[in-house]
Amino acid sequence: MSTFSCEQLKQQLQQVIVGQEDLLDRLIIALVSGGHVLLEGPPGLAKTTAVHALAGSVHASFQRIQFTPDLMPGDLTGSEIFEPDKGSFRFQPGPLFHEIVLADEINRAPPKVQSALLEAMAEHQITVGAETHILPPLFMVLATQNPLENAGTYSLPEAQLDRFLFHLIMQYPSHEEEIEILRRTRKVDDGRLDANLKSIAKPEDILSLRLQLNGIHVEPSIEKYVIELVAASRDIKTYIPEWDGLVKAGSSPRGAISLLRAASTRALLADRDYVIPEDVIDLAVDVLRHRLVLDFSAQAEGIDGKQIITKLLEKVDAP
Ligand SMILES: Nc1ncnc2c1ncn2[C@@H]1O[C@H](COP(=O)(O)OP(=O)(O)OP(=O)(O)O)[C@@H](O)[C@H]1O
Ligand SMILES: [Mg+2]
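Residues numbered from 1 in each chain as written. Chains lettered and ligands numbered in written order. Predicted model: local features only at pLDDT ≥ 70, side-chain atom pairs only at ≥ 80, totals over all residues.

### Regarding the packing of helix H2 (residues 21-33) against helix H8 (residues 203-211)
Step number 1: In the contact formed by H2 and H8, the axes pass within 8 Å of each other and the chain directions differ by 80°. Here H2 lies roughly perpendicular to H8, going by the angle between them. Listed contacts from H8 to Leu 31, Val 32 and Ser 33 of H2 are Ile 206, Leu 209 and Arg 210.
Step number 2: Residue classes in the contact of H2 with H8 are distributed as four nonpolar, one polar and one charged. (Axes fitted to C-alpha atoms, helices over the stretch in contact; angles between N-to-C directions. Helix = DSSP H or I, 4+ residues; strand = E, 2+ residues; numbered from the N terminus. Parallel < 35°, antiparallel > 145°, perpendicular 65-115°, else oblique. Contact = placed C-beta atoms within 7 Å. Nonpolar A, V, L, I, M, F, W, Y, C, P; charged D, E, K, R; others polar.)

Next up, the structure:
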């Protein structure tokens, strides 16, 4: 019997990461629910450090892949290698065959590489040649992208974005947090705060927690609430008439499924066996924002996905 709890996991991550509480909560929710995360933030905000700490804490096999313009799909998936002595091909698995994969600067790789990642994320499997290879059960992609630079990057197509459970936009630490970061990093020689983290859980512990999601009760009124939020994102004209035309396309049904799954996981981690509206409200921005396709006029008016979802949360009555 495992004595592991997600509360412990969070405390452990907090030994490494100062502040960024929303980030840590959502990383844990994604891990337990089996979702992928797109992390966006300027350089040096502890994205890599947080992902390292997460992988180390659950003793998962971990791989970082630096995305670059010359990366090929086979560099991710692996490829068939000819073995002359046997006269046959053997599959050599690529770096995607790990439990936690950090896809660093995902938008630097060309679309054909991104779509190789897409198959893996959506299907939990990889097809090379005629063969399909199954990824590990825990398989989780944490991708980072840097918002400051656009030159030489390929923005992710909508279909790819839809595969991420969360799109998290990181904030700079507060003044006090930054002082604490300085203090902590001064105590370690190489600045690697995660170097002596011990693992407190095994991948099996996470998977058995994930199974418990099936037991979380969802009232029909909660289902209806999620559906109305998602439907409202496709009907801005009715819900936010003053912003009519700013959203070209709303969330897909996958957005509704993801929102309910994330909310159920939040309930589970709070030791509740039923979902409350607050579970949905708390996660709606991070689950839905990247599923909206904004018109250029939205950018011109300085309105982003977060503002639109926040407004929809005001307009759609919670049960
Ligand atoms: N909130 C924080 N808590 C602890 N350490 C932090 C925090 N923010 C930044 N740091 C420290 O800043 C340094 C940079 O962190 P890291 O390499 O993880 O950044 P990053 O977001 O991955 O940057 P990049 O986008 O350049 O890859 C590390 O030494 C890390 O410990
Ligand atoms: Mg990094």
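Still to come is the rest of the account.
### Let's talk about the packing of helix H1 (residues 6-16) against helix H3 (residues 47-57)
Step number 1: Direction vectors running N to C along H1 and H3 enclose 140°, while the axes themselves pass 10 Å from each other. By the angle class used here, H1 and H3 are oblique. In this structure, H1 crosses over H3, and the sense of that crossing is right-handed. Contacts between H1 and H3 pair Leu 9, Gln 12, Leu 13 and Val 16 from the former with Thr 49, Ala 50, Ala 53, Leu 54 and Ser 57 from the latter. (Left-handed = near helix turned anticlockwise from the far one by under 90°.)

### A closer look at unusual backbone geometry
Step number 1: In this structure, His 59 takes a positive phi of about 55° despite not being glycine.
Step number 2: By the secondary structure assignment, His 59 is in the loop between H3 and strand S2 (62-66).
Step number 3: Of note in the backbone geometry, Asp 271 takes a positive phi value of approximately 65° without being a glycine.
Step number 4: If you trace the backbone, Asp 271 turns up in the loop between helix H11 (253-269) and helix H12 (277-288).

### As for the sheet that holds strand S9 (residues 166-169)
Step number 1: Taken together, the five strands give an open sheet; going across it, the order is S2-S5-S8-S1-S9, and neighbouring strands pair in parallel fashion. In this open sheet, the two strands that pair with only one neighbour each are S2 and S9. Pairs of neighbouring strands in the sheet enclose a mean axial angle of 15°, with direction left out of account.
Step number 2: Bridging between strand S5 (residues 100-104) and strand S8 (residues 140-145) involves four bridges; their strand directions are parallel. (Pairing = 2+ DSSP bridges.)

### Observations concerning the domain arrangement of the protein chain
Step number 1: Along its sequence, the protein chain is carved into domain 1 (6-208) and domain 2 (216-315).
Step number 2: The distance between the C-alpha centroids of domain 1 and domain 2 comes to 25 Å.
Step number 3: Across the boundary between the two partners, domain 1 contributes 16 residues, which contact 14 residues of domain 2.
Step number 4: Listing elements by their share of the side of domain 1 that touches domain 2, those giving two or more residues are H2, helix H6 (158-161) and S9. (Domains from an automatic or database assignment.)

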